[in-house]
Amino acid sequence: MYPIIRLVNRNLTISINPAFLLWQIIFPIIYIFIAGFAYTSLIREVPFGSKDLAYPAFLASGMIGFNIMNSTLVSGIIIWNDRKYGMFEQIMSGPFTRANYILSNICTIGIIGLVSASLIALIGYPVFFDSLDFSIVTVPLIVFAAITGSVLFGSLASIIATKLRSSEGFNVILNTAFLFFAFVSTAFYPAEGAPEPLKTAFYLNPLTYLVDIIRAGIFGNVSEFVLIEMGILAIIATILFIIATKLLTKLDF
Amino acid sequence: MSCIIINKLSKNYGHVQAVDDITMSVKSGQVFGFLGPNGAGKSTTIKLLTTLIQPSEGSLNILGIDAIKNPLQVRHKIGVVLQQPSYEPTLTVEKSLEKYGMMWNVPKNERKFRMEQLLKDFDLVDIRKKRNEDLSIGQRRRVQVAREFMHDMDLLFLDEPTVGLDPSARRKLLDYLRTKVNSGLTIFFTTHILTEAEYLCDEIAIIDKGKILAIDSPNALKNRFGKDKTIKIHLLKNHPEIAKLLTGIQDCKIDFQTGTSITIHSEQSEIVLMKILKILNDNSIEIDDLSAIPTNLEEIFLKMVEENVSNN
């Protein structure tokens, strides 16, 4: 087995536990089936391209992006735990390079992101079934979003993990950042109709682009704007990945 | 044959010289002890030898490989138990061993076999299902050391491996290490506990302030640096007048805390002893106990470090 595969195997073993898996499923179910239908009395339909989406369908597709982001927290947690519990140094004194370690983390969050997206797509399928516009680009768009989003948010979590030593600081900053990303985005509600400053803030948030790309894939609305969003998402993911890699490379023992 | 050849190795952090121009070699198939007080440069040296950090100057050859140019090649052939604990908190003991073997690409069947053997050898059978985060410090240390034997290696670095172990576990570990050395493994071992070094090591280097003060076998070090011998005489009754009687005899100390005892500490302790015995005999003072205390490594170590401090 290649060193990266061995490290991915180890990463998945230490980060996936029954509680994590349960939370990854139950949390979106609550949002999609409880919040989604409860809010229908307030938001009946959301205009999306040429069609109007039922709110639960809109929310379920947003939850795919939200869950991808949430699951990539794992990347930061792996790095932070490895540093705290001495495993980073131990791994680096074994048959691995720093590049192996970094790439294994990216692969881990890529896998978790993809599995997470598939899981929510399956769970949410009954609610967006009516509006689904399956085409040749549906799967590639979701896979692109899952991988790019995982790299982006995984790199961000890794940057925070390399910079912070205290568990309180790490948790507070990570949770605050991810809370901001979750709620100042189009994952839960549409940008149209929101106050202008909030609308601007939505588009400063990569989760908005991630969710827009997933919706475009599921509901068949690949506009020029979505292509621009894909470009922006890829650029931000690349920049953050380079920063995370540099920080990890410089991490001292 | 030498498995570690260090030549003019230095490591500095800004103005701090952690390792200062070290030159030495370690023979294969032995336990090499690396002793020094806190902050002497032991852990930095281990980090250099295990290729975790790069030296500022000098060359380093490990197992015939240039460790500065090919660190990964070296890491494939060595095992490392670092001073700080390292574990995955949520894994059980057996899962830790199994996953560590997998990380080292040990075949599945072999992993299972080694895991069972190590669980027995390190008294971990009863706690095999316990998660690492629920273990005591000593248990965690045992798992950390045991884990390193999941993979094959030619050279093992142990940075204070017995920290947190009770005396029985400590002795068991030292004996286990000895059996591994007898079957061909070379061990580079740092410790603060000098009796351990004396018990286990074939050769010892003493380091202080980044410099090597001496390298030799424990016995040779004792012969070279332990010329002073200590003899203790305990008198049968309390004799306050003894201080006056022994005035003029150098290299002896009198202690009245537990009866009357005389301690001779001299390079010529036998001659001093003869003089004192004559005085005691002339004054009809009876002896309760007389014992010679062998020079131990701790005394030599302390003496060398103190001398190094005063020289600096």
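Nothing here was measured: the structure is a model prediction, and the numbers come from that model.

### Side note on the overall build of chain A
In step 1: From N to C terminus, chain A includes 11 helices and 2 strands.
In step 2: Relative to the globule expectation of 18 Å for 253 residues, the C-alpha radius of gyration of chain A, 18 Å, shows essentially globular dimensions.
In step 3: In terms of principal-axis extent, the alpha carbons of chain A reach across some 55 × 35 × 35 Å.
In step 4: The proportion of buried residues among the 253 residues of chain A is 53%.

### With respect to the interface of chain A and chain B
In step 1: Contact with chain A, which involves 20 residues of that partner, is made by 26 residues of chain B.
In step 2: Counting the surface chain A buries against chain B, the share from its top three residues, Tyr85(A), Gln90(A) and Pro95(A), is 26%.
In step 3: With a shortest N-O distance of 3.6 Å, Lys47(B) and Glu89(A) are connected by a salt bridge.
In step 4: Counting the contacts that link chain A with chain B gives 12 residue pairs in polar contact (both at pLDDT 80 or more).
In step 5: Of all the secondary-structure elements, those providing two or more residues to the side of chain A that touches chain B are helix H1 (3–15) and helix H5 (87–92) of chain A.
In step 6: At 6 residues, the largest contribution of residues to the side of chain A that touches chain B is made by H1(A).
In step 7: Taken together, the residues that form the side of chain A that touches chain B break down as 10 nonpolar, 7 polar and 3 charged.

### What about the sheet that holds strand E13 (residues 261–266) of chain B?
Residue and element names in this part refer to chain B.
In step 1: A sheet is described by the order of its strands in space; here 4 strands give the open sequence E12-E13-E11-E14, paired in antiparallel fashion. Looking along the sheet, the strands with just one partner apiece sit at the ends: strand E12 (252–255) and strand E14 (287–293). Averaged over all neighbouring strand pairs, the angle between strand axes comes to 15 degrees, with direction disregarded.
In step 2: By the bridge criterion, 6 bridges tie strand E11 (residues 229–235) to E13 in an arrangement that is antiparallel. Bridging across to E13, His234 finds its partner in Ser261.
In step 3: Helix H10 (residues 269–282) contacts E11, E12, E13 and E14 of the sheet and is inclined by roughly 15 degrees relative to E11.

### Here's the deal with empty space enclosed by the protein
In step 1: Counted under the stated rule, the structure contains 2 cavities of 30 Å³ or more.
In step 2: In this model, the largest cavity occupies a volume close to 60 Å³.
In step 3: Ser75(A), Ile79(A), Ile102(A), Asn105(A), Ile106(A), Ser155(A), Ser158(A), Phe241(A), Ala244(A), Thr245(A) and Leu248(A) are the residues that line the largest cavity.
In step 4: Sorting the residues of the lining of the largest cavity by element identifies helix H4 (73–84), helix H6 (98–128), helix H7 (138–163) and helix H11 (224–250) of chain A as the ones contributing at least two each.
In step 5: A per-element tally of the lining of the largest cavity places H11(A) first, with 4 residues.
In step 6: For the lining of the largest cavity, the per-class residue count stands at 6 nonpolar, 5 polar and no charged.
In step 7: Reported here for the second largest cavity is a volume of approximately 40 Å³.
In step 8: In terms of residue count, helix H5 (residues 137–148) of chain B provides more of the lining of the second largest cavity than any other element does, 4 residues in total.
In step 9: In terms of residue class, the lining of the second largest cavity is built from 2 nonpolar, 4 polar and 3 charged.

### Side note on the confidence of the model for chain B
In step 1: Per-residue pLDDT for chain B has a mean of 91; in total, 100% of the residues score no lower than 70.
In step 2: The complex prediction reports pTM at 0.83, with the ipTM value standing at 0.82.

### Details of the nonpolar core
In step 1: Formed by 108 residues in total, the largest nonpolar core has its most connected members in Phe178(A), Ile4(B), Ile62(B) and Phe188(B).
In step 2: Of the residues forming this core, the biggest block, 12 residues, is contributed by H7(A).
In step 3: The contacts of Ile62(B), once residues within four sequence positions are left out, are Cys3(B), Ile4(B), Leu49(B), Ala67(B), Val74(B), Ile78(B) and Leu155(B).
In step 4: Grouped together as the second largest cluster of nonpolar side chains are 43 residues, Val81(B), Leu119(B), Ala169(B) and Leu185(B) included.

### A closer look at helix H1 (residues 42–49) of chain B
Residues and elements named next belong to chain B.
In step 1: For H1, the buried fraction is high: 7 of the 8 residues fall into the buried class.
In step 2: Taken together, the buried positions of H1 are occupied by Lys42, Thr44, Thr45, Ile46, Lys47, Leu48 and Leu49.
In step 3: Positioned one or two residues after H1, Thr51 has a phi angle of 65 degrees, which is positive.

### Examining unusual backbone geometry
Residue and element names in this part refer to chain B.
In step 1: One non-glycine residue, Lys8, lies in positive phi territory at about 50 degrees.
In step 2: Tracing the sequence through the fold places Lys8 in strand E1 (residues 2–13).
In step 3: A positive phi is found at Leu63, a non-glycine position, where the angle reads about 50 degrees.
In step 4: Here Leu63 lies in the loop between strand E4 (57–62) and strand E5 (65–66).
In step 5: On the basis of relative accessibility, which here comes to 18%, the residue Leu63 falls in the buried class.

### Some points on the state of the cysteines
One way to say it: the disulfide is the covalent bond shared by the sulfur atoms of two cysteines.
In step 1: Per the counting criterion, the structure on display carries 0 disulfides over all chains.
In step 2: There is no disulfide at Cys201(B), and the cysteine sulfur nearest it, in Cys3(B), is 14 Å away.

About the criteria used
- Residues numbered from 1 in each chain as written.
- Chains lettered and ligands numbered in written order.
- Predicted model: local features only at pLDDT ≥ 70, side-chain atom pairs only at ≥ 80, totals over all residues.
- Heavy atoms only, no water.
- Helix = DSSP H or I, 4+ residues; strand = E, 2+ residues; numbered from the N terminus.
- Rg over C-alpha atoms; globule rule 2.2 N^0.38 Å.
- Buried < 20%, exposed > 50% of the residue type's maximum accessible area, 1.4 Å probe, protein only.
- Contact = heavy atoms within 4.5 Å.
- Buried area = accessible area lost by both parts, 1.4 Å probe.
- Salt bridge = Lys/Arg side-chain N within 4 Å of Asp/Glu carboxyl O.
- Polar contact = N/O pair within 3.5 Å; in protein donor to acceptor, adjacent residues only side chain to side chain.
- Nonpolar A, V, L, I, M, F, W, Y, C, P; charged D, E, K, R; others polar.
- Pairing = 2+ DSSP bridges.
- Axes fitted to C-alpha atoms, helices over the stretch in contact; angles between N-to-C directions.
- 1 Å grid on protein atoms, 1.4 Å probe; cavity = no way out; pocket = protein on both sides within 12 Å on 5 of 7 lines; lining within 4 Å.
- Points joined across faces, edges and corners; volume = space filled by probe spheres on them.
- pLDDT = per-residue confidence, 0-100.
- Core = buried A, V, L, I, M, F, W, Y, C linked by side-chain atoms within 4.5 Å.
- Disulfide = S-S within 2.5 Å.

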